[in-house]
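For reference, the chains in residue letters:
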Amino acid sequence: MSSAQNFGKSRFPRSSFQSVLLPLLDIFALGTWGVLMLRYWLRGQLSLLIHPNYFWLVIVTGFALLILAGLRVLQLFTQMRQQAAGKPVTMPLAQHLSLFPPGWSSALLIATAIAGLLITPKVFTSQTALQRGVAESSILTRSQPQAFRSASNPQDRSIIEWVRTLNVYPEPDAYTGQAVKVQGFVVHPPDLPSQYLLISRFVITCCAADAYPVGLPVKLKEDSKAYRADTWLEIEGRMITETFKGKRQLTIEASSLKKIPEPANPYFY
């Protein structure tokens, strides 16, 4: 027998190599996504990505993916032992349908999960608020993800409660003189006069992809440039009615502005 024939018999068959590599990619994809979901949960980062109503679904899915990855490892190990012993494979690894060549879909899933592990979720900024239209959201929200229960004491209302109250009864003069105390981050819309800024928060109805900003104009005693965009403030004052571009709008006349740390959970739901 020639050396070429001996080499052909001794080397690892291409089909056997693929039968191990492709399942390993699937296992790694399942494992990395399971780890990613549970990591978000353990680090308290799920609130930056999805509504709390869906936390349990992410946690259960994370554990389920890790269990599936473990079962696939056992299945692959059993198959390799059977092949090494020259026995017929009793538990063949099923192939899933894919539009991509073999292994590509798993590789893409792995790359996406690794990117998620390396990139820390960030809170949306004032630039995102402007891009998504915080100025247009000052009066009307796009949906009401929770039942509306406005605080009986106006000073206890949050920004989202003020906006939802306006949805129910949008006449700004009805709230003139009411005390207000809200927290949010600073937004500087280019069309507001220099004595005004927007105090804003993001609302999540399902996930960060559909988060939208709501806010209220704030009238200052000084130039708004004294407060940098994205600075978190606690604002106290009273409600007044101001006119912007010919449109009457409920506005906070600030008597006190205090810088505060960014909240652990900066979103409304």
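Reference entry: report on the structure contained in this document. Starting afresh in each chain, residues are numbered from 1 along the sequence in its written order. Where totals are concerned, whole chains, interfaces and linings use all residues; where local detail is concerned, this predicted model gives features only for residues with pLDDT of at least 70, and gives and counts side-chain atom pairs only at 80 or more. Side-chain metrics in this entry use all non-hydrogen atoms of the structure; hydrogen atoms and water are not considered.

**Regarding the pattern of salt bridges**
Right, on to step 1. Between Lys or Arg on one side and Asp or Glu on the other, a salt bridge is scored when a side-chain nitrogen of the former is within 4 Å of a carboxyl oxygen of the latter. What the rule picks out here adds up to seven salt bridges.
Right, on to step 2. Among the salt bridges present, the one from E242 reaches K219, with a minimum N-O distance of 3.8 Å. In this pair, E242 sits in strand β4 (residues 232-244) while K219 sits in strand β3 (residues 212-219), placing the two residues 23 residues apart along the sequence.
Right, on to step 3. In this structure K219 comes out as partly exposed when scored by relative accessible area, which is 21%.
Right, on to step 4. Between E253 and R238 there is a salt bridge, with its nearest N and O atoms 2.9 Å apart. Pair noted here: E253 is in strand β5 (residues 247-259) and R238 is in strand β4, with a separation of 15 residues, a long-range link.
Right, on to step 5. E253 sits in the partly exposed class, given a relative accessible area of 26%.
Right, on to step 6. Via salt bridges that share partners, E171, D173 and R248 belong to a single interconnected network. Here a strand is any run of E in DSSP of at least two residues, a helix any run of H or I of at least four, and the numbering for each starts at the N terminus. Residue burial is assigned from relative accessible area. The probe radius is 1.4 Å, only protein chains are included, and a residue is buried under 20% of its type maximum, exposed over 50%, and partly exposed in between.

**Here we look at the pairing of strand β2 (residues 196-203)**
Right, on to step 1. For β2, a buried count of eight out of eight residues is recorded, marking the element as mostly surrounded by other parts of the structure.
Right, on to step 2. Of the two faces of β2, the one lined by Y196, L198, S200 and F202 and the one lined by L197, I199, R201 and V203 are each fully buried.
Right, on to step 3. Any two strands with at least two DSSP bridges between them are considered paired. The pairing of strand β1 (residues 179-187) with β2 spans three bridges and is antiparallel. Counterpart to V187 in the pairing with β2 is L198.
Right, on to step 4. Relative to strand β6 (residues 267-268), β2 runs parallel, the two being bridged by two bridges. Bridge pairing links F202 to Y267 in β6.

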